[in-house]
Amino acid sequence: MTLLQAPSFTSHQYCTSQPKAGLYVAEKSFLQSTLSGSCFSSQRHVKALNYSYTCSSLSSFTAKASSTGACAPSVTGQTAESEVLKALSQIIDPDFGTDIVSCGFVKDLVVDDNLGEVSFRLELTTPACPIKDMFEQRANEVVAELPWVKKVNVTMSAQPAKPIYAGQLPAGLQTISNIIAVSSCKGGVGKSTVAVNLAYTLADMGARVGIFDADVYGPSLPTMVSPENRILEMNAEKRTIIPTEYMGVKLVSFGFAGQGRAIMRGPMVSGVINQLLTTTEWGELDYLVIDMPPGTGDIQLTLCQVVPLTAAVIVTTPQKLAFIDVAKGVRMFSKLKVPCVAVVENMCHFDADGKRYYPFGRGSGSQVVQQFGIPHLFDLPIKPALSASGDSGVPEVVADPEGEVSRTFQELGVCVVQQCAKIRQQVSTAVNYDKSFKAIKVKVPDSDEEFYLHPATVRRNDRSAQSVDEWTGEQKLQYSDISDDIEPEEIRPLGNYAVEITWPDGFNQIAPYDQLQMMERLVEVPQLTPA
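As the structure is a computational prediction, the values presented were derived from the model and not from experiment. (Residues numbered from 1 in each chain as written. Predicted model: local features only at pLDDT ≥ 70, side-chain atom pairs only at ≥ 80, totals over all residues. Heavy atoms only, no water.)

All right, on to empty space enclosed by the protein then. The full count for this structure, using the stated rule, is four cavities of 30 Å³ or more. The calculated volume of the largest cavity comes to roughly 100 Å³. Contributing to the lining of the largest cavity are Thr125, Thr126, Gln159, Pro160, Ser177, Asn178, Asp286, Tyr287, Val417, Cys420, Ala421 and Arg424. Among the secondary structure elements, those contributing two or more residues to the lining of the largest cavity are strand 6 (176-183), strand 12 (285-291) and helix 14 (404-428). (1 Å grid on protein atoms, 1.4 Å probe; cavity = no way out; pocket = protein on both sides within 12 Å on 5 of 7 lines; lining within 4 Å. Points joined across faces, edges and corners; volume = space filled by probe spheres on them. Helix = DSSP H or I, 4+ residues; strand = E, 2+ residues; numbered from the N terminus.)

Shown next, in the form of structure tokens:
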């Protein structure tokens, strides 16, 4: 396939890397008018650029700061607001590594400098934030330390439940913030036990939670929980499913459909799962936990492709046989760009006579962590109470909230909350457009690399059927078809692997991160620290 190239120019003046084969190179005109022929006019200019991205990437704090006059200290009231924001910027979110002001957590700031009263709201990413009490306490303390402040009123809240991904999601999934897959790809390792107890742990942390039992052949949820209404109801007018509920957690399972266990072929099962999941009235949820069925076949792939999974939790046991199957599942998630955030090794050990015994051997969980780079490992002991709770219809974290098993699930819950917040932050800020420099900034999740692309380069390198003939590979989109001064109208995340870019001609381009990394870059942005 032969592609048109841009007119020749001295590329080293603008670029730090050469284009990969088959890609249009960067446009010569980039930044000439704003940078006067140099990459950056000054380091201070670069710092301002970085701060603008930090503030705008997570919230509308930049607009809020301008409305409160934080940059105009000549007026007494505006100076007071600036002092409050400066004091609050001492509080660092340990997950993002950024202060809560830059994260956009500070909302509805009202300052009465005459009375010495300050009120504001801290809007966190999730109501299950494990350090929300610390944020509230520290916010009160740092603002109260200002000499003119006599009273501080802090209100805590959480962002509305909504997905960060683009695309036409089914109505039932449009108000779900995070979807967590609990998977093992092998039956009998305790996957359903982990899924149910994780869900009720998240609910205990303050989150709105749902559980979807995706195993049609052998649904476990009806045994593990005891809802009063054990049959799913239909909304005839909307043609939607109303989930049942137990202790504040919404539940959907084929076992609640009055059909028991399914006896049907794979394509039919995929359709049933799709219908149960996407037509359910889930309402606003912070976390939807999906109990994945065993295997890596059609059903699992359908789930991963239909649902914008935020992350996956992998369940295994110490045996080598379990590791072999689990490894297949981890590779499946890797190919589908779903990050695995934790490994739970079930039935690890038991204590007797003052000693710890490992009846099934050791090392499967550690091997998964080491081989695939999954950051967190949690061990669950062999406990008769844990097994009994699965049969009784009352999850162990509900039956014994202070026990050893519950403490492990609390640690897992904190891990899931923190990792999901990081993933959402990384995905939401991965690709955006800087209008002042007329360049697309790219920082791929799980990478420290940061670079700029010319908008026309990105548009000209579209690889969809509208731009490249699928049969012959012939280039249909010509170089001259795209104006050098084209600018994107909107950039939206699309799963964990790409962005969807809307252009002025109405074309929606899917740009995978892998493809963006191959394009000719305009300039490498130096890593700078605040002055």
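Let us keep going from here.
Tracing the backbone through its elements, the reader meets glycine 413 in helix 14. As for glycine 413 and aspartate 204, which are separated by 209 residues in sequence, their C-alpha atoms are 9.7 Å apart. Residues within four places of glycine 413 in sequence aside, it is in contact with Leu198, Thr201, Leu202 and Met205. (Contact = heavy atoms within 4.5 Å.)

Of the strand pairs in this sheet, strand 3 (residues 106-112) and strand 4 (residues 117-124) are connected by five bridges, and their pairing is antiparallel. For aspartate 112, the partnering residue across the bridge sits in strand 4 and is glutamate 117. (Pairing = 2+ DSSP bridges.)

Take the packing of helix 10 (residues 320-335) against helix 11 (residues 364-372) next. At a minimum axis separation of 10 Å, helix 10 and helix 11 run at an interaxial angle of 30°. By the angle between their axes, helix 10 is roughly parallel relative to helix 11. The chirality of how helix 10 crosses helix 11 is right-handed. Where helix 10 abuts helix 11, its residues Phe323, Val326, Ala327, Val330 and Arg331 lie against Ser364, Gln367, Val368, Gln371 and Phe372. Residue composition of the contact of helix 10 with helix 11, grouped by class: six nonpolar, three polar and one charged. (Axes fitted to C-alpha atoms, helices over the stretch in contact; angles between N-to-C directions. Parallel < 35°, antiparallel > 145°, perpendicular 65-115°, else oblique. Left-handed = near helix turned anticlockwise from the far one by under 90°. Nonpolar A, V, L, I, M, F, W, Y, C, P; charged D, E, K, R; others polar.)

What follows concerns unusual backbone geometry. Even without a glycine there, the phi angle at aspartate 353 is positive, about 55°. With a phi close to 55°, lysine 438 is a non-glycine residue in the positive phi region. One can find lysine 438 in the loop between strand 18 (431-434) and strand 19 (439-442). The exposure class of lysine 438 is partly exposed, given its relative accessible area of 49%. (Buried < 20%, exposed > 50% of the residue type's maximum accessible area, 1.4 Å probe, protein only.)

Here we take up the side chain of glutamine 509. Within the secondary structure, glutamine 509 sits in strand 23 (residues 508-512). Here the side chain of glutamine 509 touches valine 458 through a polar contact of 2.9 Å, landing on its backbone oxygen. (Polar contact = N/O pair within 3.5 Å; in protein donor to acceptor, adjacent residues only side chain to side chain.)

Another aspect to go through is the pattern of salt bridges. As enumerated under the stated definition, the model contains 15 salt bridges in all. Linking arginine 121 and aspartate 108 is a salt bridge whose minimum nitrogen-to-oxygen distance equals 2.9 Å. In this pair, arginine 121 sits in strand 4 while aspartate 108 sits in strand 3, placing the two residues 13 residues apart along the sequence. Of the residues examined, aspartate 108 reaches a relative accessible area of 43% and is grouped as partly exposed. (Salt bridge = Lys/Arg side-chain N within 4 Å of Asp/Glu carboxyl O.)

Two faces belong to every sheet, and in a regular strand the side chains alternate between them. Every second residue of strand 23 is oriented toward a common face, the buried set being Gln509 and Ala511 and the non-buried set Asn508, Ile510 and Pro512. Here strand 22 (residues 498-502) pairs with strand 23 via five bridges, running antiparallel. Within strand 23, the residue paired with isoleucine 501 across the bridge is glutamine 509. Turn length for the strand 22-strand 23 hairpin, with the two strands adjacent in sequence and antiparallel, is five residues, and the turn residue glycine 506 shows positive phi of about 90°.

Direction vectors running N to C along helix 6 (residues 191-204) and helix 14 enclose 75°, while the axes themselves pass 9 Å from each other. In this view, helix 6 runs roughly perpendicular relative to helix 14, as classed from their interaxial angle. Between helix 6, through Thr193, Val194, Asn197, Leu198, Thr201 and Leu202, and helix 14, the contact on the second element is made entirely by Phe409, Gln410, Leu412, Gly413, Val416 and Val417. Its residues assigned to classes, the contact of helix 6 with helix 14 shows seven nonpolar, five polar and no charged.

Spatial ordering of the open sheet is given by 21-22-23, a layout of three strands whose pairing is antiparallel. On the outer flanks of this sheet lie strand 21 (490-494) and strand 23, each paired with one strand and no other. For this sheet the average axis-to-axis angle between neighbouring strands, irrespective of direction, equals 25°.

Next up on the list: the sheet that holds strand 18. Strand order in the open sheet formed by three strands is 18-19-20, with antiparallel pairing between adjacent strands. On the outer flanks of this sheet lie strand 18 and strand 20 (451-453), each paired with one strand and no other. If you compare each strand with its neighbour and ignore which way they point, the axes differ by 35° on average. For strand 18 and strand 19, the ladder comprises four bridges, and the chain directions are antiparallel.

You can see glycine 271 is positioned in helix 8 (residues 266-278). For glycine 271, a relative accessible area of 39% corresponds to the partly exposed category. Separated by 28 residues in the primary sequence, glycine 271 and isoleucine 299 place their C-alpha atoms 9.0 Å from one another.

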